[in-house]
Each structure stands twice: as C-alpha cells, then as structure tokens.
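Here is how the chains run, residue by residue.
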Protein chains: 2
Amino acid sequence: MFRLDHIGLVTKNIEELAHVFRTLGLNEITESLENPRQKVAASFVNVGGREDIYVEILEPTRNDSPITKFLEKQGGGLHHLCFEVNDIKKTSLELVEKGFKMIVPPEDCEAYDENLKRECNDITKIAFFIVSDRLLIELIEKG
Amino acid sequence: MFRLDHIGLVTKNIEELAHVFRTLGLNEITESLENPRQKVAASFVNVGGREDIYVEILEPTRNDSPITKFLEKQGGGLHHLCFEVNDIKKTSLELVEKGFKMIVPPEDCEAYDENLKRECNDITKIAFFIVSDRLLIELIEKG
C-alpha cells in the first residue's frame, strides 16, 4: 500500500493560505497547530472527495526549521508529497536499499494525530526521502 | 464540489520520474502523451487509494511551453494542484469575481481524456488560476 495522504505547501503565513482555500470553497480546515519536533506549524485542508486527502499548509516556527531554506529560496509553494504506508520501518529500509536518500528516519509525529483529532493507540510515524533531485516525499504510518 | 484531481509535477524527463514512481511501487502509470495545445507531454500516476487521484508528470515539448520557465528557474518539481469542479465556466467567473488571477480561461483538453482512456460525450475542459503568489491551481470539468 502506497496511497497519497497529503501534499505539503510551505508559506510564511498559514492564515493567508487558509483564507485562500476557504475562498475557493474548501472549508474543512484544521486550526494551526505547532509541531515543536519538526519546528513547523501546520493546518490541514481536506481536499479529497469521498476520501480524506489533505493539503498541509506549513509555516516555519524557528529559523532552523527544515522548511526555512525552501521558504527563503523559493518564497514557499508546493513542497512535498506524503504517502501512507502500512509499515514505515520496513518501507524505509526498502527505499534505502533501492538507493533513495533518507533525510529523516522514521520518528513520532504526535502533532499529526492531535491536529486531525485522531483517536489512535499508537503514535503516527513519519519519515522523509529525496527520490529525485526535485522531489521530496514523506512516508506516514498512521497510529 | 471542489475535489483534488491531480498534482502537476514538472520534469525535464518524464521517463526518469515514471521510473521513480514505479520503484516506489506505484505502477499504474499511463504512457506519455503529447498535448499540442498546452505544449507539454504528460503521464498520469495513480496515487489514490480507493479514489482515483493522480500525479501528472509534465515535460515541455516546446521552448515556449508554459512550464519551460518553471523548469529553467527551479529545475522542475511540484507545480500545481488541479481541482475537479462541476461547472468550470461558472466557477471560473466566481474566482475572477473573488479577485483571483485567471491565466488560462476554460479551454478544451482532449489530451486528458485520451491519456486516461476516458469514454466521455463532452471534451474535458481546464483553466488555470494564480490564487496566491506561490500557488497555481488548475480547474477541471470532466467531459
């Protein structure tokens, strides 16, 4: 299983982008929530039809946030694709074996569960990979 | 209705990116097809789970293609979000009234139907809007 979960969109102002999505008629937007581990704040906009698929609007909360450079260099914009997998450790090992560059190994992401108000037994886990010179992907195993 | 249909991803080599997606295990990929009106070639990768949602891998076919500048400036990458709407003329007018900049008014896109082997009575229509300084969206009304 490798299914699109969300598209990361970087901005210097979450509320500005959330306003754009609301104006387009996409009103199902979570409140902006800080994620101290990843040094970002995020809001999720539901853009799926029958299926929950999100745009994750991201804003750096610190100068050493992993998205600060992208924001400074490109002024923001579409940043990464996130795919849901069943077993993030196994899939991450497979991707490394296939030669993809892992930039963040699997780690907990409580903020995802909290932001989307998910009731879950385990904490959701995420990892990041560069799969081509211009494509960053995230893996997510939902708790 | 405003539902994510696909994410546009610009590259100088469709086959290279298609290979990346196949390596990730995403094997449902259409053959690259030229779209003379938009001056691009495109392949669609199905990345949805229960629902058909695509990554559209795009390569310019001419120097004056609308994606040539993006490719030259940023080296490619995630380019636009495409949302399905019921009535593209009506929605386009509404977005213009709301102050969004229309850069391509509704036009036929036979290539979408042909590429995805869609059987349809009307030709699919698309339009493009700049909705923030770093976000380009496409609307699509499927035929």
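Residues numbered from 1 in each chain as written. Chains lettered and ligands numbered in written order. Predicted model: local features only at pLDDT ≥ 70, side-chain atom pairs only at ≥ 80, totals over all residues. Heavy atoms only, no water.

> Talk me through the sheet that holds strand S4 (residues 54–60) of chain B; I want residue IDs and the actual numbers.
All names here are of chain B. Strand order in this open sheet of eight strands is S2-S3-S4-S1-S5-S8-S7-S6, and the pairing throughout is mixed. The open sheet has two edge strands with one neighbour each: strand S2 (33–35) and strand S6 (101–108). Between one strand axis and the next, the sheet turns by 30° as a mean value, whatever way the strands run. Relative to strand S3 (residues 40–46), S2 runs antiparallel, the two sharing three bridges. (Pairing = 2+ DSSP bridges. Helix = DSSP H or I, 4+ residues; strand = E, 2+ residues; numbered from the N terminus. Axes fitted to C-alpha atoms, helices over the stretch in contact; angles between N-to-C directions.)

> So what's going on with the environment of B:Val45? Residues and values would help.
Turning to its location among the elements, B:Val45 is positioned in strand S3. Residues B:Val45 and B:Asn27, 18 residues apart in the sequence, show an inter-C-alpha distance of 7.5 Å.

> Go over unusual backbone geometry, please, and point to the residues and values.
Even without being a glycine, A:Lys117 presents a positive backbone phi close to 50°. Along the chain, the position of A:Lys117 falls in the loop between helix H4 (110–115) and strand S7 (125–132). Exposure remark for A:Lys117: the relative accessible area of 73% places this residue in the exposed category. Phi is positive for B:Lys39, close to 60°, though the residue is something other than glycine. With respect to the helices and strands, the residue B:Lys39 is situated in the loop between S2 and S3. Here B:Lys39 falls in the partly exposed class, since its relative accessible area comes to 24%. (Buried < 20%, exposed > 50% of the residue type's maximum accessible area, 1.4 Å probe, protein only.)

> Residue-level account of the relation of the copies chain A and chain B, with values.
In screw terms, the move from chain A to chain B is a rotation of 180° and a rise of 0.0 Å along the axis, fitting with an RMSD of 0.0 Å. When the rotation and shift are considered jointly, the pair of chain copies conforms to a two-fold rotation axis. Minimal C-alpha separation from the rotation axis in chain A is found for A:Leu78, amounting to 2.9 Å. A symmetric contact is evident, with 100% of the interface residues of chain A recurring at the interface of chain B. (Least-squares fit on C-alpha atoms with pLDDT ≥ 70 in both. Contact = heavy atoms within 4.5 Å.)

> Can you lay out the nonpolar core for me, pointing to particular residues and giving the numbers?
By size, the foremost hydrophobic cluster in this structure holds 61 residues, and its most contacted members are A:Phe21 and B:Phe21. The residues contacting B:Phe21, other than those within four sequence positions of it, are A:Phe83, A:Leu135, B:Leu9, B:Leu26, B:Ile29, B:Val45, B:Val55 and B:Ile57. (Core = buried A, V, L, I, M, F, W, Y, C linked by side-chain atoms within 4.5 Å.)

> Explain the interface of chain A and chain B residue by residue, including any values.
The interface is formed by 37 residues belonging to chain A together with 37 residues belonging to chain B. The contact between chain A and chain B buries some 3,100 Å² in all, and 69% of this surface belongs to carbon and sulfur atoms. Contact with chain B buries area across many residues of chain A, yet A:Leu24, A:Leu78 and A:Arg134 alone supply 21% of it, more than any other trio. If you look at where chain A meets chain B, you find zero salt bridges. Applying the counting rule to chain A against chain B returns nine residue pairs in polar contact (both at pLDDT 80 or more). Here the element with the most residues in the side of chain A that touches chain B is strand S5 (residues 77–84) of chain A; it accounts for six residues. Across the side of chain A that touches chain B, the residue classes tally to 20 nonpolar, 10 polar and seven charged. (Buried area = accessible area lost by both parts, 1.4 Å probe. Salt bridge = Lys/Arg side-chain N within 4 Å of Asp/Glu carboxyl O. Polar contact = N/O pair within 3.5 Å; in protein donor to acceptor, adjacent residues only side chain to side chain. Nonpolar A, V, L, I, M, F, W, Y, C, P; charged D, E, K, R; others polar.)

> Quick one: what's the story with the pattern of salt bridges, residue by residue and with numbers?
Inspection of every chain in the model, using the stated rule, returns 24 salt bridges over all chains. One salt bridge connects A:Arg37 with A:Glu110, and the closest N-O pair in it is separated by 2.8 Å. In this pair, A:Arg37 is assigned in the loop between strand S2 (33–35) and strand S3 (40–46) and A:Glu110 in helix H4, connecting sequence segments 73 residues apart. Accessibility expressed as a relative area gives 42% for A:Arg37, which makes it partly exposed. For the salt bridge of B:Asp64 with B:Arg62, the shortest nitrogen-to-oxygen distance reads 2.9 Å. Since its relative accessible area comes to 42%, B:Asp64 is described here as partly exposed. One connected set of salt bridges, linked through shared partners, spans A:Arg3, A:Asp5, A:Glu51, A:Glu84 and A:Lys142.

> Give me the environment of A:Phe44: which residues, what numbers.
All names here are of chain A. Of note, Phe 44 is situated in strand S3. Using a relative accessible area of 3% as the deciding quantity, one classes Phe 44 as buried. A sequence separation of 13 residues divides Phe 44 from Glu 31, and the C-alpha atoms of the two residues are 7.8 Å apart. Apart from residues no more than four positions distant in its own chain, Phe 44 is found in contact with His 6, Glu 28, Ile 29, Thr 30, Tyr 54, Val 55, Glu 56, Tyr 112, Asn 115 and Leu 116.

> Requested: an account of the packing of aromatic side chains, with residues and values cited.
Aromatic ring pairs are described here by two measures, namely the spacing of the ring centres and the angle between the planes. Scanning the entire structure with this criterion turns up six aromatic pairs over all chains. Ring centres 5.2 Å apart and planes at 40° place the aromatic pair B:Phe2 and B:Phe83 in the tilted group. Of the two residues, B:Phe2 is situated in the segment before strand S1 (3–10) and B:Phe83 in strand S5 (residues 77–84); the sequence distance between them amounts to 81 residues. There is no split in this pair, since B:Phe2 and B:Phe83 are both buried. Three or more aromatic residues joined by ring pairs make a cluster, and in this case those are A:Phe44, A:Tyr54 and A:Tyr112. (Phe/Tyr/Trp six-rings, centres within 6.5 Å; stacked < 30°, edge-to-face > 60°.)

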